[in-house]
Amino acid sequence: VPAVLPLLEKAPSHLRIEAAYLLSSLGARESVPALLLLLKDPDVYVRVNVAAALSELGVKEAVPEILKWMAGADSDGCRESYLTSLVRGHFTEAR
């Protein structure tokens, strides 16, 4: 996990997305602060995929930011992706 965390900050967008997916697949809770910062990434695809990663990790703190991006999304596809993250999230589980 320590080798992957720097990718969230310094890598091209496609690698930030892959890193977020990997970290959520591993259940890497130590990555949550860095993932939360990526919800403000200028790349919409990074934000959408990070929203999915955070929902997989059950990070309740991400919900307000995800809702904000969902409300302001400029395409139905993005809105649907944010909504899917919220619906599929594990927010009810104790993490």
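Residues numbered from 1 in each chain as written. Predicted model: local features only at pLDDT ≥ 70, side-chain atom pairs only at ≥ 80, totals over all residues. Heavy atoms only, no water.

Q: Go over the packing of aromatic side chains with me, naming the residues and quoting the values.
A: Evaluated as defined, the whole model comprises zero aromatic pairs. If you follow Arg-47 out to its NZ or CZ, it ends over the ring of Trp-69, 3.6 Å from the centre. Lying over the aromatic face of Trp-69, Lys-68 brings its terminal NZ or CZ to 5.4 Å of the ring centre. (Phe/Tyr/Trp six-rings, centres within 6.5 Å; stacked < 30°, edge-to-face > 60°. Lys NZ or Arg CZ within 6 Å of the ring centre and 35° of its normal.)

Q: How would you summarise the packing of helix H2 (residues 13-26) against helix H4 (residues 44-57) if you had to cite specific residues and measurements?
A: Remark: H2 packs on H4, axes separated minimally by 9 Å, with the N-to-C direction vectors making an angle of 5°. Taken together, the axes of H2 and H4 are roughly parallel relative to one another. Together, Ser-13, Arg-16, Ile-17, Ala-20, Leu-23 and Ser-24 of H2 and Tyr-45, Val-46, Asn-49, Val-50, Ala-53, Glu-56 and Leu-57 of H4 make up the contact between the two elements. Looking at the contact of H2 with H4 residue by residue, the classes come out as eight nonpolar, three polar and two charged. (Axes fitted to C-alpha atoms, helices over the stretch in contact; angles between N-to-C directions. Helix = DSSP H or I, 4+ residues; strand = E, 2+ residues; numbered from the N terminus. Parallel < 35°, antiparallel > 145°, perpendicular 65-115°, else oblique. Contact = heavy atoms within 4.5 Å. Nonpolar A, V, L, I, M, F, W, Y, C, P; charged D, E, K, R; others polar.)

Q: Quick one: what's the story with the pattern of salt bridges, residue by residue and with numbers?
A: Counted under the stated rule, the structure contains four salt bridges. In this structure, the salt-bridge partner of Glu-65 is Lys-40, at a minimum N-O distance of 3.3 Å. Within this pair, whereas Glu-65 is found in helix H5 (residues 63-72), its partner Lys-40 is found in the loop between helix H3 (32-38) and H4, the two being separated by 25 residues in sequence. On the basis of relative accessible area, Lys-40 is assigned to the exposed category, the value being 53%. Where Arg-79 meets Asp-76, a salt bridge forms, and the shortest distance between an N and an O atom there is 2.6 Å. Here Arg-79 pairs with Asp-76, and both are found in helix H6 (residues 76-88), just three residues apart, close to one helical turn. (Salt bridge = Lys/Arg side-chain N within 4 Å of Asp/Glu carboxyl O. Buried < 20%, exposed > 50% of the residue type's maximum accessible area, 1.4 Å probe, protein only.)

Q: If you had to explain the environment of Cys-78 to someone new, which residues and values would you point to?
A: Within the secondary structure, Cys-78 is located in helix H6. Spatially, the C-alpha atoms of Cys-78 and Ile-17 are 15 Å apart, while their sequence positions differ by 61 residues. In this structure, Cys-78 is in contact with Val-44 and Ala-73, ignoring residues within four places of it in sequence.

Q: Give a description of the nonpolar core that names residues and reports values.
A: If you look at the biggest cluster of nonpolar residues, it comprises 26 residues, and the most contacted ones within it are Leu-8, Leu-35, Leu-39, Val-50, Leu-54, Ile-66 and Tyr-82. Broken down by secondary-structure element, the contributors of at least two residues to this core are H2, H3, H4, H5 and H6. Of all the elements, H4 adds the most residues to this core, at seven residues. Residue contacts for Ile-66: discarding those within four places in its chain leaves Leu-39, Ala-51, Tyr-82 and Leu-86. (Core = buried A, V, L, I, M, F, W, Y, C linked by side-chain atoms within 4.5 Å.)

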